[in-house]
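Each chain, written out:
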Amino acid sequence: MRNPINIGALASGGGTNLQAIIDNCEAGVIDGRVAVVISDREGSGSLERARKHGIPAVHAHVPKTGTPEWVQANRQITRVLRDHEVDLVCMAGYMRKISPDLLAAFPGAIMNIHPALLPSFPGTHGQADAHAYGVKVAGLTVHFADAEFDQGPIIIQAAVPVLDTDEEDTLVARILGLEHQAYSQAIQWFAQGRLQISGRRVIVDGVPTATDATLVWPPVELG
Ligand code: GRF
């Protein structure tokens, strides 16, 4: 594994996850560097954040999913990632499906972050769906991408309590803060060569094999 690893980010939106990855690379928390940022949205905050850090920022026009033009656009994205010798592709708020070609170009090296505890609440409104459902515990999932949205082998999950006073935005904010930490941790494990995919499971070398950690919400008052 190259050290530091070259990270290629795909991002559609504001890019706070991307910013956390950039910051952690620059701080040496991640043994990596963001080599290129590609967005399907020309004016996205993620491209602006890349430019501010002198990182190549590329807008890729991505037509309707499934069309021949979409296939071609994903081949172009693959070429850009390869040109920058990317070792790990990080989807950081990338709201588009990636093509089989792109997946095949980076086997076991494309990650995504989803703001819910998959397989619960997939899709583009994970936090809102969890809040509307009335869950007491919400959270995030970092997983390896596969051909479908939000279904690949899970690397790390993190949970937060849902307060009775929460609105969607306060829950989104609580999860987002944890996203930034969890995504960087997953990337660092990858950079250290500590992730082994075994079927649906991702084995992380060197993490505890026993724990009494729990998250119970609302808190138990018995005893
Ligand atoms: C995050 O909540 C991420 O989990 C989801 O899209 C959002 C992107 O936020 N996939 P940002 O652009 O990283 O701020």
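Remember, it's a predicted structure, so these values are computed and weren't measured experimentally.

## Considering the environment of isoleucine 5
Consideration 1: Secondary-structure assignment places isoleucine 5 in strand β1 (residues 5-10).
Consideration 2: Residue classification places isoleucine 5 among the buried residues on the basis of a relative accessible area of 0%.
Consideration 3: Separated by 140 residues in sequence, isoleucine 5 and alanine 145 place their C-alpha atoms 18 Å apart.
Consideration 4: With residues near it in sequence (within four places) discarded, isoleucine 5 still touches Asp31, Gly32, Arg33, Asp87, Leu88, Ile187, Phe190 and Ala191.

## Digging into the site of the ligand
Consideration 1: The environment of the ligand is made up of Gly14, Gly15, Thr16, Asn17, Gly93, Ile113, Pro115, Gln127, Leu176 and Glu179.
Consideration 2: At 2.5 Å, a side-chain N or O of threonine 16 approaches an oxygen atom of the ligand.
Consideration 3: Note that an oxygen atom of the ligand is positioned 2.8 Å from one of the backbone N or O atoms of asparagine 17.
Consideration 4: In the complex, the protein chains occlude 83% of the 370 Å² of accessible area that the ligand would expose alone.
Consideration 5: Elements represented by at least two residues in the shell around the ligand include exactly α1 (16-26) and α6 (168-191).
Consideration 6: Classifying every residue of the shell around the ligand by side-chain character gives 3 nonpolar, 6 polar and 1 charged.
Consideration 7: When residues of the shell around the ligand are assigned to domains, at least three fall in each of domain 1 (1-107) and domain 2 (112-205).

## Overview of helix α3 (residues 68-83)
Consideration 1: Over its 16 residues, α3 extends 23 Å from the first C-alpha to the last, a length consistent with the 22 Å expected when each residue adds 1.5 Å.
Consideration 2: Those residues of α3 that sit buried are Trp70, Ala73, Asn74, Ile77, Thr78, Val80 and Leu81. For α3, the buried positions fall inside an angular range of 160 degrees around the axis, keeping them on one side. Every exposed residue of α3 that faces more than 90 degrees away from the buried side is listed here: Pro68, Arg82 and Asp83.
Consideration 3: Contacts from the buried residues of α3 go to β1, β2 (32-39), β3 (57-59), β4 (88-91) and α4 (100-105).
Consideration 4: Remark: glutamate 85 follows α3 within two positions and exhibits a positive phi of approximately 50 degrees.

## Notes on the side chain of histidine 114
Consideration 1: For histidine 114, the position within the fold is in strand β5 (residues 110-114).
Consideration 2: Non-local contacts of histidine 114, meaning those with residues more than four positions away in its chain, are made with Phe121, Pro122, Gly123, Gly126, Gly139, Leu140, Thr141 and Asp150.

## Quick word on the pattern of salt bridges
Consideration 1: A full pass over the atoms with the stated rule returns 7 salt bridges.
Consideration 2: Residue glutamate 148 is joined to lysine 97 by a salt bridge in which the shortest nitrogen-to-oxygen separation is 3.1 Å. Placement of glutamate 148 in the loop between β6 (137-144) and β7 (154-161) and of lysine 97 in the loop between β4 and α4 is noted, with a sequence separation of 51 residues between them.
Consideration 3: Glutamate 148 gets classed as partly exposed once you look at its relative accessible area, which sits at 41%.
Consideration 4: When salt bridges that share partners are traced, they join Arg2, Glu85 and Asp87 into one network.

Calculation notes
- Residues numbered from 1 in each chain as written.
- Predicted model: local features only at pLDDT ≥ 70, side-chain atom pairs only at ≥ 80, totals over all residues.
- Heavy atoms only, no water.
- Helix = DSSP H or I, 4+ residues; strand = E, 2+ residues; numbered from the N terminus.
- Buried < 20%, exposed > 50% of the residue type's maximum accessible area, 1.4 Å probe, protein only.
- Contact = heavy atoms within 4.5 Å.
- Near = heavy atom within 4 Å.
- Polar contact = N/O pair within 3.5 Å; in protein donor to acceptor, adjacent residues only side chain to side chain.
- Areas by Shrake-Rupley, 256 points an atom, 1.4 Å probe, with all protein chains shown as cover.
- Nonpolar A, V, L, I, M, F, W, Y, C, P; charged D, E, K, R; others polar.
- Domains from an automatic or database assignment.
- Expected span 1.5 Å × (residues − 1).
- Arc of directions from axis to C-beta.
- Salt bridge = Lys/Arg side-chain N within 4 Å of Asp/Glu carboxyl O.

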